[in-house]
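Architecture at a glance
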Amino acid sequence: MRIPVWILAFFLAVACSSPSEKQATGEPVPLPRSVSESKTADPAKADSVQEEVQVAEQETDTLEKRLLAAGLVDVQAIIPEVRVDLKYASTDNFFGKNVYGSLTRCYMQPEVAEMLKMAYLELSKTHPELTFLVYDAVRPQSVQQILWDELDKPDSIKPLYVADPKKGSLHNFGVAVDLTLASKENGEPLDMGTGYDYFGYPAYPDREEQMLAEGKLRPEQVANRQILRDVMKKGGFTGIGSEWWHFNAFGRKVAREKFDIVK
Ligand SMILES: [Zn+2]
């Protein structure tokens, strides 16, 4: 029997077709990588994928990542011997709330960390048994805003407790450091007459003579503060009149010229 040529050609074509071509006409097969990637060639889809990535990144964003992105350094990476007790990462602060989340490291401008290192070297010479205990350095403006908004005081007296975030504080630039002196051996802070963030004249370096005269400070407490002030001065820091623990590496004008506010 004679089979027409076109029928032979048909069977030959079916027998030689590749399995994937057969599957392609039947069950779905996973797209090869290059094909699935090519989906993003569609600009609208590419945008939505990009947005999804950004949202995911924001969700995993942490305060620490922002500080690193701002070019700040961990003080203990520069001076391993210093101790850090971030008061705003605990409820042990005047505010009674943790506003730093899980942050445990203390960040500041690299130049400020180098200045603090000079101060530390001076402390090591004059008082080798002591170290710094750092309570705070950079305080992002967003955190300053939380403190400002949630402080239960009239706006007119809020600046006595926390700097107005609109004006910014030197902590926002990462150029201010709050610290005390502590035993190198056990980390026990020295007696400075008041605790950190104590609001009132006993915390004022400007009022020490008066506080001594009134018996609200003892000479050894002022002497401890003086050790801190002396070494910080050697590092190039300047204290302020109302907080024994606060030191500025730069004034406001220089800070603005050199650095951006950390948002
Ligand atoms: Zn301060």
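Worth saying up front: this structure is predicted, and the values here are computed from it rather than measured.

Extensive coverage of strand E5 (residues 176-183) is indicated by the burial of six of its eight residues. In terms of strand pairing, strand E4 (residues 130-136) meets E5 through six bridges, oriented antiparallel. Note on E5: the bridge partner recorded for Phe 132 is Leu 181. Sheet analysis places E5 next to strand E7 (residues 246-248), joined by three bridges and oriented antiparallel. The residue of E7 that forms the bridge with Ala 176 is Asn 248.

For the rest of this paragraph, the subject is the environment of Lys 87. Inspection of the secondary structure assignment puts Lys 87 in the loop between strand E2 (83-84) and strand E3 (107-108). Take Lys 87: there are 21 C-beta atoms within 10 Å of it, and that puts it in the buried class. Residues Lys 87 and Val 134, spaced 47 residues apart in sequence, show a C-alpha to C-alpha distance of 9.1 Å. Excluding its chain neighbours within four sequence positions, the residues that come into contact with Lys 87 are Asp 92, Asn 93, Tyr 135, Asp 136 and Tyr 196.

The positions UniProt marks with the feature "active site" (unreviewed entry) are Glu 243. With respect to the element layout, Glu 243 can be found in the loop between strand E6 (238-239) and E7.

This part takes up the confidence of the model for the protein. Per-residue confidence for the protein gives a mean pLDDT of 83, with 77% of residues at or over 70. pLDDT under 50 marks residues 7-41. Its contacts with residues more than four places away, or in other chains, come to nine contacts.

This part takes up the sheet that holds E5. Sheets are built from strands that pair by backbone hydrogen bonding, the pairs being arranged parallel or antiparallel. Spatially, five strands are ordered E2-E4-E5-E7-E6 in an open sheet, and the strand pairing comes out mixed. The open sheet is flanked by E2 and E6, the only strands paired with a single partner. Across the face of the sheet, helix H10 (residues 219-234) comes into contact with E5, E6 and E7 while running at roughly 125° to E5.

Using the residue numbers shown here, the UniProt feature "site: Transition state stabilizer" (unreviewed entry) corresponds to Arg 139. Its place among the elements puts Arg 139 in the loop between E4 and helix H8 (141-150).

Turning our attention to the environment of Pro 140. In this structure, Pro 140 sits in the loop between E4 and H8. Assessed through the 23 C-beta atoms surrounding it within 10 Å, Pro 140 is described here as buried. Sequence separation between Pro 140 and Val 262 is 122 residues, and the spatial gap between their C-alpha atoms is 5.0 Å.

Another aspect to go through is unusual backbone geometry. In this model, Asp 197 sits at a positive phi of 60°, which is unusual for a non-glycine residue. Among the structural elements, Asp 197 can be located in the loop between E5 and helix H9 (208-213). Under the C-beta neighbour-count criterion, Asp 197 is labelled buried, with 20 such atoms within 10 Å.

This paragraph deals with the nonpolar core. Residues Met 108, Val 134, Ala 137, Val 175 and Val 177 are the most contacted members of the largest nonpolar core, which totals 52 residues. Elements supplying a minimum of two residues to this core: E3, helix H7 (110-126), E4, H8, E5 and H10. Of the residues forming this core, the biggest block, seven residues, is contributed by H7. Once residues within four sequence positions are removed from consideration, Val 177 is found in contact with Met 108, Val 112, Leu 116, Val 134, Ala 137 and Phe 247.

What counts and how
- Residues numbered from 1 in each chain as written.
- Predicted model: local features only at pLDDT ≥ 70, side-chain atom pairs only at ≥ 80, totals over all residues.
- Buried ≥ 20, exposed ≤ 12 C-beta atoms within 10 Å, placed from the backbone.
- Helix = DSSP H or I, 4+ residues; strand = E, 2+ residues; numbered from the N terminus.
- Pairing = 2+ DSSP bridges.
- Contact = placed C-beta atoms within 7 Å.
- UniProt positions renumbered as here; feature names shortened; annotations may be inferred.
- pLDDT = per-residue confidence, 0-100.
- Axes fitted to C-alpha atoms, helices over the stretch in contact; angles between N-to-C directions.
- Core = buried A, V, L, I, M, F, W, Y, C linked by C-beta atoms within 7 Å.

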